[in-house]
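# What the coordinates show
One letter stands for each residue in the lines below.
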Amino acid sequence: MGKKNDVYRIWNKLKNRGKVNSSSYLSMICGLEKLDDIDGAEKIFAEWEVNHIYFDIRIPNLLIAIYCRKGDLEKAESIIKRLLESGKRPNFRTWDHLAVGYCSHDQMEKAVEALKKVILACEPRLKTHIYSLASCVDYLQSNGDAEREQEIKRLLASSQQSMKSLKTALEV
């Protein structure tokens, strides 16, 4: 309801009761974004990094998405770098947020590379954000980069073939 103090008051009560789980962190970070309290969201994320028992990729992905929407791509990249350094594996959604952020902020070379990672990390029945895919293909076409355009298409075809193979295997 737009009352940041109340959000923090409830958060502190929740922590005092020891009932903080992944959903609580997700809700808190999302709520603070809506209140335009990115500093607060960063503090809650830092708290989660120190205190989490089970790793939940949705939490760093949420902050990555926030940074990408705000145009703070270096901070998004920093989170991904920390994940990789700690042995955590970003999922397709991680790379998709980054690809969309790069597209939205006209960093198309980086968007193309992130899109490749999206496709390679994509699980069956999940799809990349059509905006980043279309933007990257348009960018490659407009720059006459047929080789990388074909690479993207090969990766997509391979990914779709893998999905079909998995579906067939599951039906047997």
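Just so it is clear, the model here is predicted, and its values are computed rather than measured.

Moving on to the side chain of Glu-33. In this structure, Glu-33 sits in helix 2 (residues 22-34). Each residue touching Glu-33, except ones within four places of it in the same chain, is listed here: Ile-38, Ile-66 and Arg-69.

What follows is about helix 2. Here helix 2 spans 18 Å end to end across 13 residues, near enough to the 18 Å set by a 1.5 Å rise per residue. Residues Ser-22, Ser-24, Tyr-25, Leu-26, Met-28, Ile-29, Leu-32 and Glu-33 constitute the buried set of helix 2. Against helix 1 (4-17), helix 3 (38-51) and helix 4 (58-70) lie the buried residues of helix 2. Where helix 2 starts, the residue carrying a side-chain oxygen 3.1 Å from the main-chain nitrogen of Ser-23 turns out to be Asn-21.

Turning to helix 3, a few remarks are in order. With 14 residues, helix 3 extends 20 Å between its outermost C-alpha atoms, agreeing within 8% with the 20 Å of an ideal straight helix rising 1.5 Å per residue. The complete set of buried residues in helix 3 reads Ile-38, Gly-40, Ala-41, Glu-42, Ile-44, Phe-45, Glu-47 and Trp-48. Where helix 3 is buried, its residues contact helix 1, helix 2, helix 4 and helix 5 (73-85).

Applying the stated rule across the entire model yields three aromatic pairs. Plain terms: the ring middles of Trp-11 and Tyr-25 are 5.2 Å apart, the flat faces sit at 70° to each other, and that makes the pair edge-to-face. Within this pair, whereas Trp-11 is found in helix 1, its partner Tyr-25 is found in helix 2, the two being separated by 14 residues in sequence. Residues Trp-11 and Tyr-25 agree in their burial class; the two are buried.

Turning to unusual backbone geometry, a few remarks are in order. For Asp-36, which is not glycine, the phi dihedral falls at a positive 60°. Position of Asp-36 among the secondary structure elements: in the loop between helix 2 and helix 3. Located in the positive-phi region is Asp-106, a residue other than glycine, with phi close to 55°. Residue placement: Asp-106 occurs in the loop between helix 6 (92-104) and helix 7 (108-121).

Axis separation between helix 2 and helix 4 bottoms out at 9 Å; the angle between their running directions is 10°. In terms of orientation, helix 2 and helix 4 fall into the roughly parallel class. Residues Ser-22, Tyr-25, Leu-26, Ile-29, Cys-30 and Glu-33 of helix 2 form the contact with helix 4, whose own contacting residues are Arg-58, Ile-59, Leu-62, Leu-63, Ile-66 and Arg-69. Its residues placed into classes, the contact of helix 2 with helix 4 shows eight nonpolar, one polar and three charged.

The sites that carry the UniProt feature "repeat: PPR" (unreviewed entry) are, in the present numbering, residues 56-90. The distance separating the terminal C-alpha atoms of residues 56-90 is 10 Å; by composition the span is 74% helix and 0% strand.

Inspection of the entire model under this criterion finds 18 salt bridges. With a shortest N-O distance of 3.2 Å, Glu-49 and Arg-82 are connected by a salt bridge. With Glu-49 in helix 3 and Arg-82 in helix 5, this residue pair connects regions lying 33 residues apart in the sequence. Note on Glu-49: relative accessible area 31%, which makes it partly exposed.

What follows concerns the environment of Ala-76. Its place among the elements puts Ala-76 in helix 5. Look at Ala-76 and you get buried, because its relative accessible area is 0%. Once the C-alpha coordinates of Ala-76 and His-97 are considered, the two residues, 21 residues apart in sequence, prove to be 9.0 Å apart. Aside from chain neighbours lying at most four places away, what touches Ala-76 is Ile-64, Tyr-67, Cys-68 and Leu-98.

Cut-offs used in this document
- Residues numbered from 1 in each chain as written.
- Predicted model: local features only at pLDDT ≥ 70, side-chain atom pairs only at ≥ 80, totals over all residues.
- Heavy atoms only, no water.
- Helix = DSSP H or I, 4+ residues; strand = E, 2+ residues; numbered from the N terminus.
- Contact = heavy atoms within 4.5 Å.
- Expected span 1.5 Å × (residues − 1).
- Buried < 20%, exposed > 50% of the residue type's maximum accessible area, 1.4 Å probe, protein only.
- Polar contact = N/O pair within 3.5 Å; in protein donor to acceptor, adjacent residues only side chain to side chain.
- Phe/Tyr/Trp six-rings, centres within 6.5 Å; stacked < 30°, edge-to-face > 60°.
- Axes fitted to C-alpha atoms, helices over the stretch in contact; angles between N-to-C directions.
- Parallel < 35°, antiparallel > 145°, perpendicular 65-115°, else oblique.
- Nonpolar A, V, L, I, M, F, W, Y, C, P; charged D, E, K, R; others polar.
- UniProt positions renumbered as here; feature names shortened; annotations may be inferred.
- Salt bridge = Lys/Arg side-chain N within 4 Å of Asp/Glu carboxyl O.

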